[in-house]
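# Residue-level structural notes
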Amino acid sequence: MCAKKIAVLTSGGDAPGMNAAVRAVVRTAISFDMEVYGVRHGYNGLLTGEVQKMELRSVSNIIQHGGTALFTARSPEFNTPEGVQKAAAKCRELGIDGVVVVGGDGSFRGARDLTGAGVPCIGVPGTIDNDISSSEYTIGYDTAMNTAMEMIDRIRDTTESHDRCSVVEVMGRRCGDIALNTGIAVGAIATLVPEVQYDFEKDVIERIRYAQKTGKRHFIVVVAEGVGHSEDICKRIQEETGIESRATILGHVQRGGSPTLRDRVVASRMGYHAVELLRDGKSNRVVVMQGERIVDFDITEALEMPRVFDEKLYKISQDLSR
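So, how was this worked out
- Residues numbered from 1 in each chain as written.
- Predicted model: local features only at pLDDT ≥ 70, side-chain atom pairs only at ≥ 80, totals over all residues.
- Heavy atoms only, no water.
- Phe/Tyr/Trp six-rings, centres within 6.5 Å; stacked < 30°, edge-to-face > 60°.
- Helix = DSSP H or I, 4+ residues; strand = E, 2+ residues; numbered from the N terminus.
- Buried < 20%, exposed > 50% of the residue type's maximum accessible area, 1.4 Å probe, protein only.
- Lys NZ or Arg CZ within 6 Å of the ring centre and 35° of its normal.
- Pairing = 2+ DSSP bridges.
- Axes fitted to C-alpha atoms, helices over the stretch in contact; angles between N-to-C directions.
- Contact = heavy atoms within 4.5 Å.
- 1 Å grid on protein atoms, 1.4 Å probe; cavity = no way out; pocket = protein on both sides within 12 Å on 5 of 7 lines; lining within 4 Å.
- Points joined across faces, edges and corners; volume = space filled by probe spheres on them.
- Nonpolar A, V, L, I, M, F, W, Y, C, P; charged D, E, K, R; others polar.

Applying the stated criterion across every chain yields a total of four aromatic pairs. An angle of 70 degrees between the planes, with centres 5.8 Å apart, marks the rings of Phe32 and Tyr272 as edge-to-face. Of this pair, Phe32 sits in the loop between helix 1 (18-31) and strand 2 (35-39) while Tyr272 sits in helix 9 (residues 261-279), and the two are 240 residues apart along the sequence. Both rings, one in Tyr43 and one in Phe78, keep their centres 4.0 Å apart while their planes meet at 5 degrees; by these two values the pair is stacked. Here Phe78 lies in the loop between strand 3 (51-53) and helix 3 (81-94) and Tyr43 lies in helix 2 (residues 42-48), a separation of 35 residues in the sequence. Comparing Tyr43 with Phe78 shows no difference in burial state: the two are buried. The ring of Phe200 has Arg236 sitting right over it, with the charged end atom 3.9 Å from the ring centre. If you follow Arg279 out to its NZ or CZ, it ends over the ring of Phe32, 4.4 Å from the centre.

Given below as structure tokens:
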């Protein structure tokens, strides 16, 4: 059945570009003569009825802002079978016959469960970590990398002035894409990611010592948060090389800020495609990017896809970091 009255929500961690996706969903739905509602505070707002009708002007002036205008929240209650049924009942009560969910893997599992309870859902990948296996790109990823690069460029000024080593921890608990790309972009002497088992002596200390012999006096080490404690890594570097070392954890600064052009455009394309799917009577799909094309997969199939780490890019980072 083709959806006529849909809702959009953002779930899980916020990511720059989520607002662009919400804007695209709202305006696409209106252009297709569909009613569209915004759900505040994710699945929790669906349970509590925090739902409001959206119009063209409801999403004016949000595309350039980070975060999410619809807000987001965790919902332990929705993670239960009873919670899913309650959310589905709320959708039926409001006449909502389709939901676009912007978020990560956990949000997609919720969308799959809600579809199983009778409410067609479409997932749109919004997470800075780029850790959605089915998609080559996720909303917020480009902004997060550019923010990390800018922050490390600033840190480098002090690192150079004091002939120090700066160990900078970026986000990425299970996925090292931010660290890997940022490490290349800032010329890090070493980049540590969770996908690759590293030898501290060989992959960090020997690299620093070799660079010292060729005249280098200051160093940047980029570490994904899933690798280990940056403070401990910093301490080991100072103990084994004698180089004054400092650790910096960038943390949630990477989630904020105005989204880049790429994030705004990709989010807009994904949001548009999500509404097209609901208009065409499709459900339990996740919108993804494959080879710069916007396509879609069954959510269950997408969740089971193995994640592929870019080994070639990692080798490039190793060969250039000298």
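So much for the structure itself; the text now carries on.
This brings us to the sheet that holds strand 10 (residues 285-290). The seven strands are arranged 3-2-1-4-5-10-11 in an open sheet whose pairing can be described as mixed. What marks the edges here is a single partner per strand, and that holds for strand 3 and strand 11 (293-298). On average, adjacent strands in this sheet sit at an angle of 25 degrees to one another, irrespective of strand direction. For strand 1 (residues 5-10) and strand 2, the ladder comprises four bridges, and the chain directions are parallel. By the bridge assignment, Lys5 is partnered in strand 2 with Glu35. The strands touched by helix 1 are strand 1, strand 2 and strand 4 (99-103); relative to strand 1, the strand with the most contacts, the crossing angle is about 175 degrees.

The parallel open sheet is built from four strands, whose spatial order is 7-8-6-9. On the outer flanks of this sheet lie strand 7 (190-192) and strand 9 (245-249), each paired with one strand and no other. In this sheet, neighbouring strand axes are inclined to one another by 15 degrees on average, regardless of whether the strands run parallel or antiparallel. In this structure, strand 7 lies alongside strand 8 (residues 219-224), joined through three bridges in parallel fashion.

What follows is about the environment of Val26. Along the chain, the position of Val26 falls in helix 1. In the structure, Val26 is positioned 11 residues away from Tyr37 in sequence and 7.9 Å away in space, judged by C-alpha atoms. Those residues within four positions of Val26 in sequence are excluded, and the remaining contacts are Val8, Val36, Met54, Glu55 and Val59.

Now for the layout of surface pockets. Of the pockets and cavities examined, the largest pocket occupies roughly 730 Å³. Secondary-structure elements contributing two or more residues to the lining of the largest pocket are helix 4 (105-116) and strand 6 (165-170). For the lining of the largest pocket, the leading source of residues is helix 4, giving three residues. Residues that form the lining of the largest pocket fall into these classes: nine nonpolar, 14 polar and 10 charged. Volume-wise, the second largest pocket comes out at about 170 Å³. Contributing to the lining of the second largest pocket are Asn130, Glu136, Tyr141, Asp177, Leu180, Asn181, Arg307, Val308, Asp310 and Leu313. The element that contributes the greatest number of residues to the lining of the second largest pocket is helix 6 (residues 177-186), accounting for three residues.

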